[in-house]
Amino acid sequence: MRFSNTNGTLLGCIRRFLIVLSALYAGQVSAATDPGAAGLYATAYGSYNASTPGTPQTVDIRSYFNAPDSSVTSVLMNAAPLNAEYYYPTNASGKLPIVVVAHGNNPSTQTYAGYRYLLQHLASHGMIAVSINIGFLNGATYGEIDARAYMILQHLRKWRSWNQTYGHAFYNRVDLTKVGLVGQSRGGEAITVAHVFNTKLHNTANPATNFNFGIKALMAIAPTDGAVLGNDHPFCPPTCVDPTPGYNPQWGEVIVRGAAYFLLQGGHDGDTYRFPGQRTYDRAHPIYEVASAYKAMAFVHEANHAYFNTVWTSNCTAAGNCTEGVTPSNSLIGPAKQQSIAKTYAAALFLNRLKGNAAVIETMRGTYYFGPGIVVVPQFQSQNRIFLSHFQEDGNLNSGSYPGSSNGDMGIFGPSFAVYQQVPLDTWSTFPHGYQQTNAAMLGWTNQAGFAVNVGPTFTTLDASKLGTTHKYLVFRVGQVYQNTPYYNTLGANQDFSIALNFGGNGSYVLPVSYYRALPYPDRATKLGSGSSATDVTKTIMTSVRIPLRHFVTSDTWDWKTLTQIQFRFDRTYSGLVVIDDIQFSD
């Protein structure tokens, strides 16, 4: 079998330069469409409270939250107020998309004001952006996620009433078919429940649940997962079965369908320090279903929980506990950089999903450069995907996901893998430093090794014709496995390996993964406990690698029906240990 690896020749050097140049500039956007820069619109501030005319003004949430914290004394659960602040573009015409932001659980009564930087940024890009005050649900509480979700939808009802009220400043100015939701911490879980409630509870005959808003995109910042309790859900007692696909109130699992989902998390987060949002991400747009939207993720090294909210930032600065009990404590990237990252991704997500800006999709794919010293580990999965191996069938690593496909040790480098197994990344007990809802291939090598995905004849018949046309990329997610005592991976160093294709005995170019995505060493973090106890909360995080198929071959007209194998060639470092998941062809 012959593989083209001409890196040492002049032709190889030229080709390598062109490939690297293409990879670097594939996602660049012009200054006019840079989602990290302020938009073209002037903005203005507004606010409303329970006394502001509009329907509704207060909401009965007793059925959604029947055990408020004892500190809640000024708010009755049958008359929860609708208080919020917002920014909007003053020089924009026509109907405007709307984005609602929901905060999490924090003692400050002004938590909702901590997202003004985000509201103003989105308004400058032509959207109404609203931050709602649901602080009356905060405290030593649990099981109130339903109520947070319900309040989000009630605020949207208020905006709809203004949109329909002749003479109101926002009469016929709000496009409720183009809605985005942002939530942090418990608010990050609440937006996913709100998305489900939006259709599950919708009833045009009942004004209180007349929803059916056009929710197109969700952005969760360091969210919780599984905080929904069955006995707090009014439509399903603890012993019932899931009445509607997508929401299980007994176990608290929400499955995002129909809307784009974006997840943002910091590596030094001391609140949601095990990164439970990965579980929501893994469940979103299930692998066995036809997806209708993409999902994306950004894991930011040395970012914490508080710095995404300016009020929380001020409070933690005053108290001197911005490290959130996570060490090392001198390496946080700081609030300005974290908020810049949040603004960039929020604008990209909502410009793309609510305003149809196609160029900014590259930011969601992880191509945006945030400057020196900022390490962002991105993931992206398109709704247009053909899975070859997602490792969810059984416990056998050699089982393929596409009919007739298989996986296996190539056996071309001599010694076999030092580690060769399929692992569930579901708990810290079964897979230390992982907390996901997926299985993956875990591969370790101490010399050289090769892992092959054999596509099989069924693929040739059904889907090979899509390669190079509608599906132009080989995509997979991969990450260094963190070990307490470095053994396979070199402490602090990026990992690398090569990818090649096999066309019935004829090999393609051999491409280093590092041309397309860095595979950084995990962000080291320890959560301090009481006394001398401490927990190593460093996480094994995968990143998406997208390789254009045309980089493997000499021509876009290559006969893809002759493709027989995808090869992962661990030949660029002496040793390593990685997890690989969701090997697919995509757009």
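Only a predicted model underlies this, so the values are computations on that prediction, with no experimental measurement involved.

Procedures and definitions
- Residues numbered from 1 in each chain as written.
- Predicted model: local features only at pLDDT ≥ 70, side-chain atom pairs only at ≥ 80, totals over all residues.
- Heavy atoms only, no water.
- Pairing = 2+ DSSP bridges.
- Helix = DSSP H or I, 4+ residues; strand = E, 2+ residues; numbered from the N terminus.
- Axes fitted to C-alpha atoms, helices over the stretch in contact; angles between N-to-C directions.
- Contact = heavy atoms within 4.5 Å.
- Phe/Tyr/Trp six-rings, centres within 6.5 Å; stacked < 30°, edge-to-face > 60°.
- Buried < 20%, exposed > 50% of the residue type's maximum accessible area, 1.4 Å probe, protein only.
- Lys NZ or Arg CZ within 6 Å of the ring centre and 35° of its normal.
- Expected span 1.5 Å × (residues − 1).
- Salt bridge = Lys/Arg side-chain N within 4 Å of Asp/Glu carboxyl O.

The subject of this paragraph is the sheet that holds strand 15 (residues 376-381). Pairing within the open sheet is mixed, and its nine strands lie in the order 2-5-7-6-8-9-12-13-15. For this open sheet the edge positions go to strand 2 (43-48) and strand 15, each flanked by a neighbour on one side alone. Neighbour-to-neighbour, the strand axes of this sheet turn through a mean angle of 15°, independent of strand direction. Relative to strand 9 (residues 215-221), strand 8 (residues 174-184) runs parallel, the two sharing six bridges. Within strand 9, the residue paired with Gly183 across the bridge is Ala220. Contacts between helix 3 (residues 145-163) and the sheet are confined to strand 2, strand 5 (83-89), strand 6 (96-102), strand 7 (128-133), strand 8 and strand 9, with strand 8 contributing the most and set at about 150° to the helix. Packing of helix 7 (residues 335-355) onto the sheet brings it into contact with strand 6, strand 8, strand 9, strand 12 (260-266), strand 13 (295-300) and strand 15, and relative to strand 9 it is tilted by some 165°.

Enumeration over the complete set of coordinates arrives at 36 aromatic pairs. Seen from their ring centres, Trp159 and Phe170 are 4.9 Å apart, and the 70° between their planes marks the pair as edge-to-face. With Trp159 in helix 3 and Phe170 in the loop between helix 3 and strand 8, this pair connects stretches of sequence that are 11 residues apart. The class for Phe170 is buried, based on a relative accessible area of 6%. An angle of 50° between the planes, with centres 6.4 Å apart, marks the rings of Tyr515 and Tyr516 as tilted. Using a relative accessible area of 13% as the deciding quantity, one classes Tyr516 as buried. Here the aromatic residues Phe417, Tyr420, Trp445, Phe451, Phe476, Phe497, Phe568 and Phe570 are joined through ring pairs into a cluster of three or more. The ring of Tyr435 is capped by Arg279, whose NZ or CZ atom sits 4.6 Å from the centre of that ring. Above the ring of Tyr294, the side-chain terminus of Arg353 is found at 5.9 Å from the ring centroid.

The strand order across the open sheet formed by three strands is 14-25-26, and the pairing between neighbours is antiparallel. Both edges of this open sheet fall to strand 14 (326-327) and strand 26 (534-536), since each of them pairs with a single strand only.

Another point: helix 7. Residues separated by three or four positions in an α-helix point in the same direction, a consequence of the helix having 3.6 residues per turn. With 21 residues, helix 7 extends 28 Å from end C-alpha to end C-alpha; this agrees with the ideal 30 Å at 1.5 Å per step. Remark: Gly356 follows helix 7 within two positions and exhibits a positive phi of approximately 70°.

Turning next to the pattern of salt bridges. In this structure the tally under the stated criterion is 14 salt bridges. Across the salt bridge formed by Lys466 and Asp463, the nearest N and O atoms sit 2.8 Å from each other. Here the salt bridges share partners, and the residues they tie into one network are Asp282, Arg477, Asp581 and Asp582.

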